[in-house]
Amino acid sequence: MSHTRRTLLTTLAAATGASAGCLGRGGRSSGGDPDGEPLVDLGRPCANSGGPVDLSGGRPATAFERARATPETASDDGDLPLRETPLHLGHDRSAFVDGQMSGGVGHDGIPSIDEPRFARAADVGLPDCERVFGVASDGDVRAYPQRILVRHEIVNDVVGGDPVAVTYCPLTGTAQGFYRGGTTFGVSGRLVNSNLIMWDRARDVRWPQIAATGIEVGGQRDADGADRYVGQSLREFRVVWTTWRRWRTRHPDTLVLTEETGSARNYNRDPYGSYEPPVSGHYSTDAGRQPNFPLLAYDDAESKRVVVGARTAAGAVAFDKRALMGASVLTGELGDTPVVAVADEGITTGYVYANPEGLRVERDGDADEGAVYAVDGTPAPPDALPLDRLQAFDAMWFAWHGFYPGTERVGI
Amino acid sequence: MTAPTDDRGGTETAPESGAPTPRTAPLAWGGRLLARTGVAVRGAVGRRDGRATLVVVAALYLLTYLWALRDLTASGPGGVDVFVVAEPVSTALTPLSPFLFEAVARVEAGPIVYLFRPVNVALGIGLGLLVGVTLAVSVVSWRGPEACRIGAGAGATAGVPGLLSGFACCGPQLLVVIGLQASAGLVAAMQWMVPLAVASLLLTLLWVGSRVRIPE
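Note that the coordinates shown come from a computational prediction; the quantities given were computed from them, not determined experimentally.

(A) Spatial organisation of the overall build of chain A. Counting secondary structure elements, chain A contains six helices and 28 strands. Within chain A, the fraction of its 412 residues that count as buried is 58%. Counting every atom, chain A has about 15,400 Å² of accessible surface; 44% of that belongs to carbon and sulfur.

Put into structure tokens, the structure is as follows:
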């Protein structure tokens, strides 16, 4: 959907802020984290959360030289890349079908962004503490602000030459990326374990975001062979939940999604609550604040604690993110396989690796340079240890446990 | 002041001798009720205080309704900005959830952000007029001669069902914000809040109309 936008006046505050360089462009930290910026979201105030926001304008990613925004491999209409082996499900598939419920909006009632527009980091105004979901694929780097995705939940994009969907579920605090081949994803309006259930527009298979596995075929399309996708899992890529300052510092040439989404939305307020102090609404970490929608499984641990979860065909494992950020290295098991999680404090994220041979992984570097690790003495960055990296993402604990009640727990 | 009058000779609240009742002649009774309500409404809006009540209440209701939808919020960063979608007509008719339709424009003016949903504005005006006319009849009746009065609480209760409907669109979201546990039944029930509000407003108006004493 194209659109017109007419800015009549810019704000005095924005003008003043820009001229004073108060958006952070002129005074970027050269080293450590500024005081008060949290390593883990939820319940931790961020010192630089204020300031003017200007995410207007923008162009299609194809207009930027560094972006690979045109599909580089041909996909047939409706083609959908799948994992060779379906992911582990913590329940029978029928439990997801029976446990899903309406989230109160209709099919595509939360509209995905299908024609995203971007701007260079230097051309937007965004407070340092704003949450962004970062994607980096072979030099093609994008940031998707949470303030925009909370209104759309899905961006159908092309990054690194691959058609992808960058997805975000506000209720479960999960940002995940999926390869979408020759189709697009939309918001079905239904939830399970409070988690977004996506639908692919070619055949209307329903895909809970966290499970990334088809649970049933909906009734919106009459597509032959849709049943064969049920029980199969999507191919995924890493999406990093971090702050704008951290992402921009790591990737100064990042593009950032703008508010030119084609929809008339109010991106100035989060309909689910506030991550900023006082943390409120659904994001509240108060002990008495339980998830709003029924879960398939309940646990006594703090429901909103952030975990770094990974799952394979063999099982699931969750690391407490705060513990991981403090320890840098945590170990656990996934199924029968030893796994190791390492922290990347620079962008406050964690990576999980299979470590079947039990190689020694330890911190061996300067945190300011992005936390270099050593694997049996061989140095490596946190996102590229010489091990098999598993797909991992941040999630609220109640949701992770709702999907994987038998998950291995580390620090939880 | 002049009370609402029946230009066809007037009616009384108390059943008249030989007057139709719901049991003896339901159709005639219903027609008579509608006629009485019509007379009361015409009489109320024919007076300055009745019209003022109607306009003020309908406007306040519409503002409250838009606030309940979160279409009208004080969340703007300052400045003035107008955005209109590319295809406003087809977009305006796109349903997002029961009785909530897509916005076609966003207007920012200083601290105010307004999302314009034409269908919901029409719905809000309709509900507001229903609340307003009910209160107008109540106010005019209450200010009129004692013989014409109805209970003071009648008007006050008239607007409640309509106001509740404003939360129908975003019911599940409201549950999320205030922390109530949602259930499939509760979410489904919220889809009926707008039609229930319309029905209850109409019933309230008829009830108020039936209670007004219209002198001959």
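(B) Region of interest: the overall build of chain B. The helix and strand inventory of chain B stands at nine helices and six strands. Scored against the burial criterion, the 216 residues of chain B give a buried share of 45%. Taking contacts inside chain B between residues at least 6 apart in sequence as the whole, the part at least 24 apart equals 71%. Summed over its atoms, the accessible surface of chain B is roughly 10,200 Å², and 70% of this surface lies on carbon and sulfur atoms.

(C) Expanded view of the pattern of salt bridges. Residues and elements named next belong to chain A. What the rule picks out here adds up to 23 salt bridges over all chains. Arg68 is the salt-bridge partner of Asp138, the closest N and O atoms lying 3.8 Å from each other. One end of the pair, Asp138, is in the loop between β4 (131-137) and β5 (140-145); the other, Arg68, is in the loop between α1 (12-19) and α2 (93-99), and 70 residues separate them in sequence. With relative accessibility at 66%, the residue Asp138 sits in the exposed group.

(D) Structural detail: the nonpolar core. The biggest cluster of nonpolar side chains holds 111 residues, and the ones touching the most others in it are Tyr144(A), Phe185(A), Trp244(A), Val342(A), Val352(A), Leu385(A) and Trp400(A). Counting residues in hydrophobic clusters, the runner-up holds 25 residues, among them Tyr65(B), Leu66(B), Leu135(B) and Ala136(B).

(E) Quick peek at the sheet that holds strand β12 (residues 216-217) of chain A. Residue and element names in this part refer to chain A. Read across the open sheet, the five strands follow the order β2-β9-β10-β11-β12; overall the sheet is antiparallel. Here the strands that pair on one side only, and so sit at the sheet edges, are β2 (101-102) and β12. Taken together, the five bridges between strand β9 (residues 185-192) and strand β10 (residues 195-200) define a ladder with antiparallel strand orientation. The partner of Phe185 across the bridge, within β10, is Asp200.

(F) Expanded view of the confidence of the model for chain B. Residues and elements named next belong to chain B. With 71% of its residues at a pLDDT of 70 or more, chain B shows a mean pLDDT of 76. Here helix α5 (residues 152-158) stands out as the least confident element of chain B, with mean pLDDT 57; strand β6 (residues 112-116) is the most confident, with 96. Throughout residues 1-15 the model reports pLDDT below 50, and contacts reaching past four residues in sequence, or to other chains, amount to 38 contacts. For this predicted complex, the interface confidence score (ipTM) comes to 0.82, while the overall pTM stands at 0.85.

(G) Region of the structure containing the packing of aromatic side chains. Residues and elements named next belong to chain A. Per the counting criterion, the structure on display carries 13 aromatic pairs over all chains. The interplanar angle of 65° and the centroid separation of 5.6 Å between the aromatic rings of Phe393 and Trp400 together place this pair among those described as edge-to-face. For Phe393, a relative accessible area of 3% gives the class buried. Given a relative accessible area of 0%, Trp400 falls into the buried group. An aromatic cluster of three or more residues is present, and its members are Phe96, Phe393, Trp400, Phe403 and Tyr404. Over the aromatic face of Phe64 sits the side chain of Arg59, whose NZ or CZ is 4.5 Å from the ring centroid. The ring centre of Phe118 lies 4.8 Å from the NZ or CZ of Arg142, which sits over that ring.

(H) Looking closely at the environment of Gly76(B). Tracing the backbone through its elements, the reader meets Gly76(B) in the loop between β1 (72-73) and β2 (80-85). In this structure the C-alpha to C-alpha distance between Gly76(B) and Leu203(B), which are 127 residues apart in sequence, comes to 39 Å. If near-sequence neighbours (up to four positions away) are discounted, Gly76(B) is found in contact with Asn268(A), Gly110(B), Pro111(B), Ile112(B) and Val113(B).

(I) Examining helix α1 (residues 26-45) of chain B more closely. The end-to-end C-alpha separation of α1(B) is 28 Å, in line with the 28 Å expected for 20 residues at 1.5 Å each. Residues of α1(B) that are buried: Leu33(B), Arg36(B), Thr37(B), Val39(B), Ala40(B), Val41(B), Gly43(B) and Ala44(B).

(J) Structural view of the confidence of the model for chain A. Model confidence for chain A is summarised by a mean pLDDT of 86, while 86% of its residues fall at 70 or above. Every residue in residues 1-35 of chain A is under pLDDT 50, and counting partners more than four places away or in other chains gives 60 contacts.

(K) Local environment of unusual backbone geometry. Residues and elements named next belong to chain A. Here Asp138, not a glycine, exhibits a phi torsion of approximately 50°, which is positive. Backbone geometry at Asp204 places phi at a positive 55°, although glycine is not the residue there. By the secondary structure assignment, Asp204 is in the loop between β10 and β11 (205-208). For Asp204, a relative accessible area of 0% gives the class buried.

(L) Molecular detail of the sheet that holds strand β28 (residues 408-410) of chain A. Residue and element names in this part refer to chain A. Read from one edge to the other, the open sheet built from four strands follows the order β27-β18-β19-β28, with strand pairing classed as mixed. In the strand order of this sheet, the two ends are held by β27 (392-396) and β28, each with one partner. Sheet twist, expressed as the mean angle between neighbouring strand axes with direction ignored, is 30°. In this sheet, strand β19 (residues 316-320) lies alongside strand β18 (residues 306-311) in antiparallel orientation, the contact comprising five bridges. Note on β19: the bridge partner recorded for Val307 is Asp320.

(M) The arrangement of helix α2 (residues 48-68) of chain B in detail. Its 21 residues place the ends of α2(B) 30 Å apart at the C-alpha level, agreeing with the 30 Å of an ideal helix rising 1.5 Å per residue. Among the residues trailing α2(B), Arg70(B) stands out with phi positive, at a value near 65°.

(N) View of a nonpolar patch on the surface. On the surface, a nonpolar cluster with roughly 270 Å² of combined accessible area is contributed by Val56(B), Leu60(B) and Leu63(B). Looking at where Leu63(B) falls in the secondary structure, it is placed in helix α2.

(O) Expanded view of the side chain of Asp270(A). Residues and elements named next belong to chain A. By the element assignment, Asp270 lies in the loop between β15 (255-257) and β16 (273-274). One buried charge, Asp270, has no salt-bridge partner; the nearest side chain with opposite charge is Arg151, at 6.9 Å. A polar contact is formed between the side chain of Asp270 and the side chain of Gln146, at a distance of 3.2 Å. A distance of 2.7 Å separates a polar atom in the side chain of Asp270 from a polar atom in the side chain of Tyr283. When residues no more than four places from it in sequence are discounted, the contact partners of Asp270 are Gln146, Val150 and Tyr283.

(P) Layout of the packing of α1(B) against helix α9 (residues 193-211) of chain B. Residues and elements named next belong to chain B. Here α1 crosses α9 at 85°, and the two axes come no closer than 8 Å. Relative to α9, α1 is oriented roughly perpendicular. Of the residues in α9, those in contact with Leu33, Leu34, Arg36, Thr37, Ala40 and Val41 of α1 are Leu205, Leu206, Gly209 and Ser210.

The rules behind each value
- Residues numbered from 1 in each chain as written.
- Chains lettered and ligands numbered in written order.
- Predicted model: local features only at pLDDT ≥ 70, side-chain atom pairs only at ≥ 80, totals over all residues.
- Heavy atoms only, no water.
- Helix = DSSP H or I, 4+ residues; strand = E, 2+ residues; numbered from the N terminus.
- Buried < 20%, exposed > 50% of the residue type's maximum accessible area, 1.4 Å probe, protein only.
- Areas by Shrake-Rupley, 256 points an atom, 1.4 Å probe, with all protein chains shown as cover.
- Contact = heavy atoms within 4.5 Å.
- Salt bridge = Lys/Arg side-chain N within 4 Å of Asp/Glu carboxyl O.
- Core = buried A, V, L, I, M, F, W, Y, C linked by side-chain atoms within 4.5 Å.
- Pairing = 2+ DSSP bridges.
- pLDDT = per-residue confidence, 0-100.
- Phe/Tyr/Trp six-rings, centres within 6.5 Å; stacked < 30°, edge-to-face > 60°.
- Lys NZ or Arg CZ within 6 Å of the ring centre and 35° of its normal.
- Expected span 1.5 Å × (residues − 1).
- Axes fitted to C-alpha atoms, helices over the stretch in contact; angles between N-to-C directions.
- Patch = residues over 30% accessible without salt bridge, like charges linked within 9 Å, V, L, I, M, F, W, Y side chains within 5 Å.
- Lys, Arg positive; Asp, Glu negative; His and termini not counted.
- Polar contact = N/O pair within 3.5 Å; in protein donor to acceptor, adjacent residues only side chain to side chain.
- Parallel < 35°, antiparallel > 145°, perpendicular 65-115°, else oblique.

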